[in-house]
Amino acid sequence: MKKTTKIIIICSLLLCSIPLSARADHPWTPFLCEGSGLVGFKDQNGKIRIKPRYTSFTTARKLDKIVAVMEEKKGKSAFYYLTKSGKKVQKGNLYFFDNGPDCESEGFIRFRDRKADKAGLLNSEGEIAIPPVYNDLTNVRNGLVIALMGAKKKFLDADEPSGCNHFIWVDGETVLVDTRNRIIIRHFDSESPLDFFSIQISSEPSNDDRRQSFMGVDGRYYSFINYKKEFQDWLFSNLTENLSIERLLECTYHEIYFWKVPDGWIRESKQQFIKRNFELIRSRLGEIRSKGSDYIVSIGGLNPFIYDSAEFNPYYNNCGEPKEWKYPVMDVIINQKTKSDLIQDHFEFLRTDNGYKLISLTIGTGKSQ
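Since the model is a prediction, treat every value here as computed from it, not as a measurement. (Residues numbered from 1 in each chain as written. Predicted model: local features only at pLDDT ≥ 70, side-chain atom pairs only at ≥ 80, totals over all residues. Heavy atoms only, no water.)

## What to know about a nonpolar patch on the surface
Stage number 1. On the surface, a cluster of nonpolar side chains totalling about 360 Å² of accessible area is made up of W259, V261 and W265.
Stage number 2. Following the sequence through the fold, W265 ends up in strand β22 (residues 264-269). (Patch = residues over 30% accessible without salt bridge, like charges linked within 9 Å, V, L, I, M, F, W, Y side chains within 5 Å. Areas by Shrake-Rupley, 256 points an atom, 1.4 Å probe, with all protein chains shown as cover. Salt bridge = Lys/Arg side-chain N within 4 Å of Asp/Glu carboxyl O. Helix = DSSP H or I, 4+ residues; strand = E, 2+ residues; numbered from the N terminus.)

## Considering the pattern of salt bridges
Stage number 1. The full count for this structure, using the stated rule, is 18 salt bridges.
Stage number 2. Across the salt bridge formed by R112 and D117, the nearest N and O atoms sit 3.1 Å from each other.
Stage number 3. Owing to a relative accessible area of 26%, D117 belongs among the partly exposed residues under this scheme.
Stage number 4. The salt bridge partner of E287 is R284, with a shortest N-O separation of 3.3 Å.
Stage number 5. Looking at E287, the relative accessible area reads 23%, which means it is partly exposed.
Stage number 6. For R284, a relative accessible area of 14% corresponds to the buried category.
Stage number 7. When salt bridges with common partners are traced through the structure, they connect R112, D117, D136 and K153 into a single cluster. (Buried < 20%, exposed > 50% of the residue type's maximum accessible area, 1.4 Å probe, protein only.)

## Quick word on unusual backbone geometry
Stage number 1. Not every positive phi belongs to a glycine, and K74 is a case in point at roughly 50 degrees.
Stage number 2. By secondary structure assignment, the location of K74 is in the loop between β4 (66-73) and β5 (76-83).
Stage number 3. Residues other than glycine seldom take positive phi values, yet N142 does so here, at roughly 60 degrees.
Stage number 4. Among the structural elements, N142 can be located in the loop between β12 (136-137) and β13 (144-149).

Geometric values such as these leave the question of function open.
Listed below in C-alpha cells is the structure:
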C-alpha cells in the first residue's frame, strides 16, 4: 500500500508540472500600445511579458524564442535580437533579407557581423551557434544550413550613381552544415529545390529518380527529394492519368481559390467547384500529356494576402512569410496560343503534410463558374 501511495503521489506531481512547462513554451504575441504606438509582447493568457518599448519595425507575429527588434532611445535607433528571457544580443548586427530582418527558424536566427560583413547563426538563447565566417547562410531547415564561403560581391549597378548597391555573390564554395557548424557536405551545388526533411543517408547513391545524392565528408551519401521531380512524377503518375472526378476531389484542398471579375479572389468548396467545372479542368490539365505541349512548372510559396485565414498559419513562419522550403506551391503554367495572343492557364498545388493539393486555378480560355 505504501509503495502504491508513493507512486500515485509522484505521478500526480509529474502531471501537475507538465502544463506549467508547456505553458512556458507557448509563443508570445505582439501588441500595440495605443498611447505610444510602441510594441510589446503578451503570453497566451494575455499577461504582459515584455512592456511596449519597440517600434513597428518588429514584424514578427509571434515570439517563440528569439526575435529582431528596434528600440528608439534619445532620438537614436538601436537594433538587436531579443530572447524570451530578455537578453539583448548582437546590437547592430541584424541579418536583413529582402529589406526585412531575419525571422526565427527552428529556434535559430541569422545575424551579420557588420565589421567583417560575414553571416552567422544564433541559438534560442542568443548564443553563437555558427560563428560569422560565411558570406551568407540560409535559414535552418531540419537542422541543416546551406552556407557560402570564399565568395566575392559583384555589384550590379557599379557604373550607375543609384546608391542602391545591388549585388550578387560570385565564386566561392557552397557547403551544407548543421547547427553546430559541422560541415556535412562540401561543394553542395544544387540549383534544384530540395526537401531537407526527406534526408536519407546510405553507403551508395540513391537509385530513386526523385532524389539527388551528395557525397558527405564522412564518405557516406546524403540524398534529398527534389521537389520538382517529386511533383512532376506525382502529376503524371497519380493525377492526370485517367483523371476522374473522384481522383481530382481527393487531390484538391477542401476549398478552391479562383479569380472572378469583378469580385476578385473567391473561395468555394471543392465539391461544388470541381463538379461544376470538372470537364473543363480535365481538358486543360490533360493538355500537358500531349506531345509537344507548352507548359512549365514554377515553384513558390503561399501568398499571405490571399491565404490569410488561421488554417494557413502552419504554412508561414513567425513573420508571416511562406515556408517555401517545406510547403512549396507548384504552379503548372500551360500556354494557350491564339492568333493574336498568348493565354496562360495556372493550376497551383500546395504541398501539404498529406500530399499535393490543388488549391487555386486560373483558366484563361473557357469559362469556370
